[in-house]
Amino acid sequence: MKADTKAYLTEGALTPSILRFALPLVATSLLQLIFNTADTVMVGRWGGATPEASSAEMAAVGSCTSLINLFVNFFLGLSVGCGICIAQDAAAGKEERARAVLHTALTCGGILGIIVTLVGSLVARPILMAMGTDPSLLSSAVSYFRTYLLGMPALVVYHFSAASLRARGDTLRPMLFLSIGGVANVLFNAVAVIGFRMGATGVGLATALSQWISFTLIFFYMAREKSVDIRALKLDRSALSRILSAGLPAGTQSVLFNASALLLQSAINGFGPVTVAGNTAAANVEGYLYTTQNALYHTVMTFVAANRAKNDGRRVRGAILRSALIVGLIGISIGITVLLLSSQILSLYAPDDPEAVRAGCIRLLAVCPFYFLCGIMEVGTGTLRGLGRSILPTVTSLLGCCLLRILWLPTVFQWSVEALSSEGSLLVLYLCFPASWLLTAAVQHILVARELRLAHKSGALS
């Protein structure tokens, strides 16, 4: 394994360094979203024999989104733990520890990915039924979910590998490998959805194949660079403990987020297939807003972890402030732009279904003006994890986001169902997102200030 982390993480001007790290992450996410958008547009336009059937296939894909995110984001959370450990070890020159972390993470990821594929395929139908998936969508939704899961082992190992490269400052190659897989995804979708009229099932199969391509590229690159040795793939007890200590709270937080999202999806399902289709399209558009927020989350976490290992308090505080300013400014500008163009953008997904477009606009109206709050919250989360306090952001997210959203349903939302029109109550349902971002961001940054003071007093940070 290469012996040094990228120097710009711990040296040089901060703002250019942050942008150097974050921009490839943003580009990676944007490219992936463009590919996902192409998938959604294809199934929304050509997924069925009629416009109504195509809209139903898109809704079937959307019915599984929260459930898929439950699994995917858990593993992304674990990969955060891998990245934090490697960033700290590399900055401190402890290469053998970093090597053990990487090989343990890849081994663990492969095993867990296979388990999720097998178990998820068995329980797909009863879970989707319990979520209140419309009976007319159930068969397509189950088929899509099962085919998507075929790529889960590759997806998990790819994200652990990418976390390792990013921890050392290399954000370009993960972008390249994911982009190649994304191009393949679009081509596979064109063949499966347009050529063979496989609908939602074709989307799931194309996604799984693309995930295996990205995994193959990154794994063999790291093997060629001697970062990974197939013979060294094993579970090291000490390394596994460190990964779980740093990553399990992040994974648990993701699960809690998506568990609350499952409840919200169930409520959305109650508005009917047309609203589900509109919500699917709007959620895809919303992903473009989230790219910068999530990129700055990984950026501030990596910078804080690396500079904490070098006891550079000035650089830690500078990274936090600059990341918050960048994510806030970008969140406001992109959010307002998307809101102003919401109807035109959503018409790309469902050109023959104005009711679905109208339903999607309601979601964007509720979240776009306030999306910068999500970014401020993400910076707080990344900072606390970079400082080594992985439990705190999980607890604050549980209380500030998940619990608030769960309580929102039987209280504020239920009141709106009784007092407002269908569109009004749908808007109120979506408003739980910015409300939870505001509360959680405020609490997390209060905790960040407290942790910095304590670290300075104890001498952990200069």
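Bear in mind the structure is a predicted one, so any value in this text is a computation, not a measurement. (Residues numbered from 1 in each chain as written. Predicted model: local features only at pLDDT ≥ 70, side-chain atom pairs only at ≥ 80, totals over all residues. Heavy atoms only, no water.)

K.L.:
Looking at this model, I keep getting lost on the overall build of the protein chain. Mind explaining?
P.N.:
Summing up its helical and strand segments, the protein chain has 17 helices and zero strands in all. Computed over its C-alpha atoms, the radius of gyration of the protein chain comes to 21 Å, within 12% of the 23 Å expected for a compact globule of 462 residues. The principal-axis extent of the C-alpha atoms belonging to the protein chain is close to 60 × 50 × 35 Å. Every one of the 462 residues in the protein chain was classed for burial, and the buried ones make up 58%. The long-range share in the protein chain, meaning contacts at least 24 apart out of those at least 6 apart in sequence, stands at 84%. Here the protein chain has roughly 18,200 Å² of accessible surface; of this, 68% comes from carbon and sulfur atoms. Seen as two clouds, the 33 positive and the 22 negative side-chain charges of the protein chain have centres 12 Å apart. (Helix = DSSP H or I, 4+ residues; strand = E, 2+ residues; numbered from the N terminus. Rg over C-alpha atoms; globule rule 2.2 N^0.38 Å. Buried < 20%, exposed > 50% of the residue type's maximum accessible area, 1.4 Å probe, protein only. Contact = heavy atoms within 4.5 Å. Areas by Shrake-Rupley, 256 points an atom, 1.4 Å probe, with all protein chains shown as cover. Lys, Arg positive; Asp, Glu negative; His and termini not counted. Charge placed at Lys NZ, Arg CZ, Asp CG, Glu CD.)

K.L.:
Quick question: what am I supposed to make of the side chain of Ser397 here?
P.N.:
Position of Ser397 relative to the elements: it lies in helix α15 (residues 391–419). Among the polar contacts made by the side chain of Ser397, one reaches the main-chain carbonyl oxygen of Pro393 at a distance of 2.8 Å. If sequence neighbours within four positions are ignored, Ser397 has contacts with Gln253, Phe257, Cys402, Thr440 and Gln444. (Polar contact = N/O pair within 3.5 Å; in protein donor to acceptor, adjacent residues only side chain to side chain.)

K.L.:
Where do I start with a nonpolar patch on the surface in this structure?
P.N.:
Among the surface-exposed residues, Ile111, Ile114, Ile115, Leu118, Val119, Leu122, Val123 and Leu235 lie close enough to one another that they form a single nonpolar patch of about 730 Å² accessible area. Note on placement: Leu118 falls in helix α4 (residues 95–130). (Patch = residues over 30% accessible without salt bridge, like charges linked within 9 Å, V, L, I, M, F, W, Y side chains within 5 Å. Salt bridge = Lys/Arg side-chain N within 4 Å of Asp/Glu carboxyl O.)

K.L.:
Honestly, the nonpolar core in this entry has me stumped. Any pointers?
P.N.:
Within the largest apolar cluster, 101 residues are counted, with the highest numbers of intra-cluster contacts made by Leu128, Tyr144, Met152, Leu346, Leu429 and Trp437. Core analysis: the next-biggest nonpolar cluster, separate from the first, contains 30 residues, Leu25, Ala91, Ala319 and Leu384 among them. (Core = buried A, V, L, I, M, F, W, Y, C linked by side-chain atoms within 4.5 Å.)

K.L.:
Would you mind showing me how to read the layout of surface pockets here?
P.N.:
To find leftover empty space, a probe the size of one water molecule is rolled over the atoms. For the second largest pocket, the calculated volume is near 160 Å³. Around the second largest pocket, the lining residues are Ile84, Cys85, Gln88, Arg242, Ser245, Ala246, Arg308, Arg385, Gly388 and Ser390. Contributions of two or more residues to the lining of the second largest pocket are made by α3 (65–91) and α9 (237–269). Residues belonging to the lining of the second largest pocket are distributed by class as follows: three nonpolar, four polar and three charged. (1 Å grid on protein atoms, 1.4 Å probe; cavity = no way out; pocket = protein on both sides within 12 Å on 5 of 7 lines; lining within 4 Å. Points joined across faces, edges and corners; volume = space filled by probe spheres on them. Nonpolar A, V, L, I, M, F, W, Y, C, P; charged D, E, K, R; others polar.)

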